[in-house]
Amino acid sequence: MTTRRRHIAHLHLHTAPDEDRYDDIVTLMSGITPHVQALPPNAVQLDLASALRYFDLPPYDVLQLAQLRLMGLYGVEGSAGLAANRMLATMAADASAPGHTTWVPAEQAAAWLRPRPVTALPGIGRATATTLGKYGLHTIGQIADVPAATLQRLLGATSARLLAERAQGRDPRPVTPQEPVPYMVADLVCDRDCLDPIQHHRAVLGLADQIGQRLRGQGQVTGRLTLTVYYADRSSSTRMCSLPEPTNHSAALVVAALGLLTTLGLQRARVRTFLVRADGLLSADRAHRQLSLDSGDDRARAAEAAADRARRRFGPAAVYPAALANEGPAVRSATTGKASTASDLP
């Protein structure tokens, strides 16, 4: 009995669509294959198994068909990756120039992975890469050659096992469409590399405050925040935390987001994009707020409500965080980024 080879496609959209356009793109991809997993705000993955039988085309041609439809109907250009699993497809898309496709056949995956830097593996942040670099482990091939016991001593059993699997190019996760859950995103794309830790701090602070404003304006709260930082070399780092309780209070969101930023240890990293995402949105009426004996918390929320009223009356720049007070109006406007509510398929 032969095992059917998997063909997974990853499309990275270079124009971040709004909520409605993104939903339309997912629907468009569902017309090619029913096995579509949305990765908002700007990516989507497809399992091409059924599409190959329906269109009677090779995997590469089916992916080109998807890209042509995407460009023809929505004018959206993307980088594409095609491989035997989700991880390899994502890495192949990251290695592709806009409008191009990188195909990594299963029999060539090991050779394709070997010379690539460790940071090219999804989920491998700079802290892990720095630890490995101290022992002369800079490429995926070097990681693949290291005995499992050695990796465990360096990283611990769980992290070492996951890293070893990824270095061998293995990823058993299926493309699984799921019911959408609401989320909200605010992002800031820098005009040039941002190296200043103070600017990193201000960018994340502004985005978290923007999320809080939007949540309050829509009568929602969030229970989880995710911070993703994209670097000049096209790698990225992601950190996530669950909040003590669902909230739309900007002060709580800022503390959580800046805590995530601290764990990244960016220092003078060359950052291109900051993205803060709020997941698990609920109606504020359905959320339970923990009672507090601190009268300062009530005063802070009252001041926040007054600031929201001022913004509605005089515009979003009428009130902004004190940490951004020394910035010019253009910088403050850029730092607030943009936020949109959409549906996520985790």
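This text gives an overview of the structure that appears in the document. Note that residues are indexed from 1 along each chain, following the sequence as it is written. The predicted nature of this model means local features are confined to residues of pLDDT at least 70 and side-chain atom pairs, given and counted, to a pLDDT of 80 or more, with totals for whole chains, interfaces and linings taken over all residues. Each side-chain value is derived from all of the structure's non-hydrogen atoms; neither hydrogens nor water enter the calculation.

## Here we look at the overall build of the chain
The cut-off we apply is this: The way it works is that DSSP assigns letters per residue, a run of H or I at least four long becomes a helix, a run of E at least two long becomes a strand, and they are numbered from the N terminus. In this scheme, a residue with accessible area under 20% of its type's maximum is buried, one over 50% is exposed, and one in between is partly exposed, where area comes from a 1.4 Å probe on protein chains only. Every accessible area reported is derived by Shrake-Rupley at a probe size of 1.4 Å, with residue values counting cover from the shown protein chains alone.
Scanning the chain from N- to C-terminus turns up 13 helices and 11 strands. Across the 346 residues that make up the chain, the buried fraction comes to 45%. Accessible area for the chain stands at about 17700 Å²; split by element, carbon and sulfur atoms hold 54% of it.

## Regarding the pairing of strand β1 (residues 8-13)
Where we set the bar: Strand pairing follows a simple DSSP-based rule, namely that at least 2 bridges must link the two strands.
The buried fraction of β1 amounts to five of the six residues, a majority that puts the element mostly inside the structure. Alignment of β1 against strand β3 (residues 43-47), held across five bridges, turns out to be antiparallel. Bridging from a neighbouring strand, Ile8 pairs with Asp47 of β3. Direction of pairing for β1 relative to strand β4 (residues 78-83): antiparallel, over a ladder of six bridges. Looking at β4, one finds that Leu13 is bridged to Gly78.

## Observations regarding a negative patch on the surface
Stated precisely, the cut-off is as follows: Patches were defined on residues exceeding 30% relative accessible area and lacking a salt bridge, with like-charge contacts within 9 Å and nonpolar side-chain contacts (Val, Leu, Ile, Met, Phe, Trp, Tyr) within 5 Å. The salt bridge definition used is simple: a Lys or Arg side-chain nitrogen within 4 Å of an Asp or Glu carboxyl oxygen. Counting rule applied: Lys, Arg positive; Asp, Glu negative; His and chain ends not counted. Just so you know, the charge point we use is NZ for Lys, CZ for Arg, CG for Asp and CD for Glu.
Side chains of Asp18, Glu19, Asp20 and Asp24 sit close together on the surface and give a patch of like negative charge. Here Asp18 shows up in the loop between β1 and α1 (19-30). By relative accessible area, which is 49% here, Asp18 ends up partly exposed.

## Some details on the packing of helix α8 (residues 148-155) against helix α9 (residues 157-167)
Rules: Think of each axis as a best-fit line through the C-alpha atoms, taken over the contacting stretch in the case of a helix, with angles from 0 to 180 degrees between the N-to-C directions. Roughly parallel refers to an angle under 35 degrees, roughly antiparallel to one over 145, roughly perpendicular to one between 65 and 115, and oblique to any angle outside these ranges. Left-handed describes a crossing whose near helix is turned anticlockwise from the far helix through less than a right angle; right-handed describes the clockwise counterpart. Contacts are residue-level and defined by heavy atoms, with any inter-residue pair within 4.5 Å sufficient.
Interhelical geometry of α8 versus α9 gives an angle of 130° and a closest axis separation of 7 Å. Considered as vectors, α8 and α9 are oriented oblique to each other. Crossing hand, α8 versus α9: right-handed. Touching Leu151, Gln152 and Leu155 of α8 are Ala157, Ser159, Ala160, Leu163 and Ala164, all from α9.

## Notes on the sheet that holds β1
Taken in spatial order, the five strands line up as β2-β3-β1-β4-β5 in an open sheet, and their pairing is mixed. The outermost strands of the open sheet, each flanked by one partner alone, are β2 (36-39) and β5 (101-103). Across the sheet, the mean angle separating the axes of adjacent strands is 15° when strand polarity is ignored. Taken together, the four bridges between β2 and β3 define a ladder with antiparallel strand orientation. By the bridge assignment for β3, Ala38 is matched with Val44. Those strands touched by helix α4 (residues 86-94) are β1, β2, β3, β4 and β5, and its axis lies near 145° from that of β4.

## Let's talk about the environment of Arg239
Considering the arrangement of structural elements, one finds Arg239 in strand β8 (residues 236-247). You can call Arg239 partly exposed: its relative accessible area is 25%. For the pair Arg239 and Thr226, spaced 13 residues apart in sequence, the C-alpha to C-alpha distance is 5.7 Å. Leaving out residues up to four positions away in the same chain, Arg239 has contacts with Leu225, Thr226, Leu227, Leu260, Thr263 and Leu264.

## Regarding the packing of aromatic side chains
Which entries qualify depends on this criterion: The criterion for an aromatic pair is that two Phe, Tyr or Trp rings (for Trp, the six-membered ring) have centres within 6.5 Å, with stacked assigned to planes under 30 degrees apart, edge-to-face to planes over 60 apart and tilted to the rest.
For the structure on display, the rule yields two aromatic pairs. Ring geometry for Tyr54 and Phe55: centres 4.9 Å apart, planes at 85°, overall edge-to-face. On the numbers, 6.1 Å between centres and 20° between planes, the contact of Tyr60 with Trp103 is stacked. Of the two residues, Tyr60 sits in helix α3 (residues 59-74) while Trp103 sits in strand β5, which places them 43 residues apart along the sequence. Look at Trp103 and you get partly exposed, because its relative accessible area is 37%.

## Observations concerning α4
Think of an α-helix as 3.6 residues a turn; residues three or four steps apart then line up on the same face. Which entries qualify depends on this criterion: Nitrogen and oxygen atoms within 3.5 Å of one another constitute a polar contact, given that in protein one can donate a hydrogen and the other can accept it, and given that sequence-neighbouring residues count only through two side-chain atoms.
The element α4 is largely enclosed, with a buried count of eight among its nine residues. By the burial criterion, the buried members of α4 are Arg86, Met87, Leu88, Ala89, Thr90, Met91, Ala92 and Ala93. The opening residue of α4, the one whose side-chain oxygen lies 3.2 Å from the backbone nitrogen of Met87, is Asn85.

## What to know about the side chain of Thr222
Summarising the element assignment, Thr222 is placed in strand β7 (residues 220-231). In terms of polar contacts, Thr222 uses its side chain to reach the backbone carbonyl oxygen of Asp279, at 2.7 Å.

## Quick look at the pattern of salt bridges
Scanning the model with the defined rule gives eight salt bridges in all. One salt bridge in this structure joins Glu165 and Arg170, with 3.1 Å as the shortest N-O distance. Relative accessible area serves as the criterion here: at 44%, Arg170 is assigned to the partly exposed category. Two residues, Asp279 and Arg224, come together in a salt bridge whose shortest N-O distance is 3.7 Å. Placement of the pair is Asp279 in strand β9 (residues 271-279) and Arg224 in strand β7, with a sequence separation of 55 residues.

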